[in-house]
Amino acid sequence: MKFFECDTSKWEDQVRLFRGAVSFSPSGKISYVVANCGIHRNDEVFSYSGDGQEPEKPDLTTIDVNLTGTLYTAKLASHYFIKQNGQAPSSTQEDTCLVLIGSGAAFLDCPRAPQYCATKWAMRGIMHSLRRTASFYGSRVNVISPW
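Notes on the structure in this doc start here. (Residues numbered from 1 in each chain as written. Predicted model: local features only at pLDDT ≥ 70, side-chain atom pairs only at ≥ 80, totals over all residues. Heavy atoms only, no water.)

**Some words on the nonpolar core**
Definition in use: Joining through side-chain atoms within 4.5 Å is the link that ties buried Ala, Val, Leu, Ile, Met, Phe, Trp, Tyr and Cys residues into a set, and such a set is a nonpolar core. Using a 1.4 Å probe on the protein chains alone, a residue whose accessible area is under 20% of its type maximum counts as buried, one over 50% counts as exposed, and one in between counts as partly exposed. Put simply, DSSP marks the helices as runs of H or I at least four residues long and the strands as runs of E at least two long, and each gets a number from the N terminus on. When checking whether two residues touch, look at their non-hydrogen atoms; a contact exists if any pair is within 4.5 Å.
Membership of the largest hydrophobic core comes to 18 residues, with the highest contact counts inside it found for Phe18, Val33, Leu98 and Leu100. If you list the elements that add at least two residues to this core, you get helix H1 (11-24), strand E1 (32-35), helix H2 (61-85), strand E2 (96-101) and helix H3 (114-134). Other than its neighbours up to four places away in sequence, Phe18 contacts Ile30, Val33, Thr73, Leu76, Ala77 and Tyr80.

Structure below.
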């Protein structure tokens, strides 16, 4: 088993990760990608700075990791899947799949966690957006939402 250090919010880290996965794959291909980008932090979006204080810029690291990181993963997975399977449907396409990790927070109220809920709801949106076109390239896109 091989491991690569990767900050999912950094494009360059993810490019290195995908290149490494291909280089270590016995077939030289990537068949399945799990976008498990997810952190849950103290959410400052609704924090009150105090009487007589100006509002402070919230830390949006949760958005950077959970959403931006997942979009980078989806982009790279799609690139490698299409590169492997071609740009036209054929009987020689091999099954490839992108699995997005959502959360019950995309369906249920979670007080004081707007960034986390928004990013996990976004997994559903990404899946709905990609799944119909991904099938053209022999790929599937799914979301798992544990609770």
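**Topic: unusual backbone geometry**
Here Arg112, not a glycine, exhibits a phi torsion of approximately 65°, which is positive. Structurally, Arg112 can be placed in the loop between E2 and H3. The exposure class assigned to Arg112 is exposed, which follows from its relative accessible area of 74%.

**So, the environment of Ser145**
To be explicit about the condition: Contacts described as polar in this section are N or O atom pairs within 3.5 Å, which, within protein, must combine one atom able to donate a hydrogen with one able to accept it, while residues neighboring in sequence count only if both atoms come from side chains.
Along the chain, Ser145 turns up in the segment after strand E3 (139-144). Of the residues examined, Ser145 reaches a relative accessible area of 27% and is grouped as partly exposed. Spatially, the C-alpha atom of Ser145 lies 15 Å from that of His40, the residues being 105 residues apart in sequence. Within polar-contact distance, the side chain of Ser145 engages the backbone nitrogen of Ser103 at 3.4 Å.

**Some details on the pairing of E3**
Put simply, the rule reads: A pair of strands is labelled paired if DSSP reports no fewer than 2 bridges between them.
As defined by bridge partners, E2 adjoins E3 across six bridges and the pair is classed as parallel. By the bridge assignment, Leu100 is partnered in E3 with Val143.

**Looking at the packing of H1 against H2**
This is how the line gets drawn: Axis lines are fitted through C-alpha atoms, for helices just across the contact stretch, and the angle between N-to-C directions can take any value from 0 to 180 degrees. Here is the rule for handedness: rotate from the far helix to the near one, and if that takes an anticlockwise turn smaller than a right angle the crossing is left-handed, while a clockwise turn gives right-handed. Polar here means any residue other than Ala, Val, Leu, Ile, Met, Phe, Trp, Tyr, Cys and Pro, which are nonpolar, and Asp, Glu, Lys and Arg, which are charged; Gly is therefore polar.
Following both chains from N to C, one finds H1 and H2 inclined at 35°, their axes separated by 10 Å at the closest point. You can see that H1 and H2 cross each other, and the crossing is right-handed. Counted together, Trp11, Gln14, Val15, Phe18, Arg19 and Val22 of H1 and Gly69, Tyr72, Thr73, Lys75, Leu76, Ala77 and Tyr80 of H2 form the full contact between these two elements. Partitioned by chemical class, the residues of the contact of H1 with H2 number eight nonpolar, three polar and two charged.

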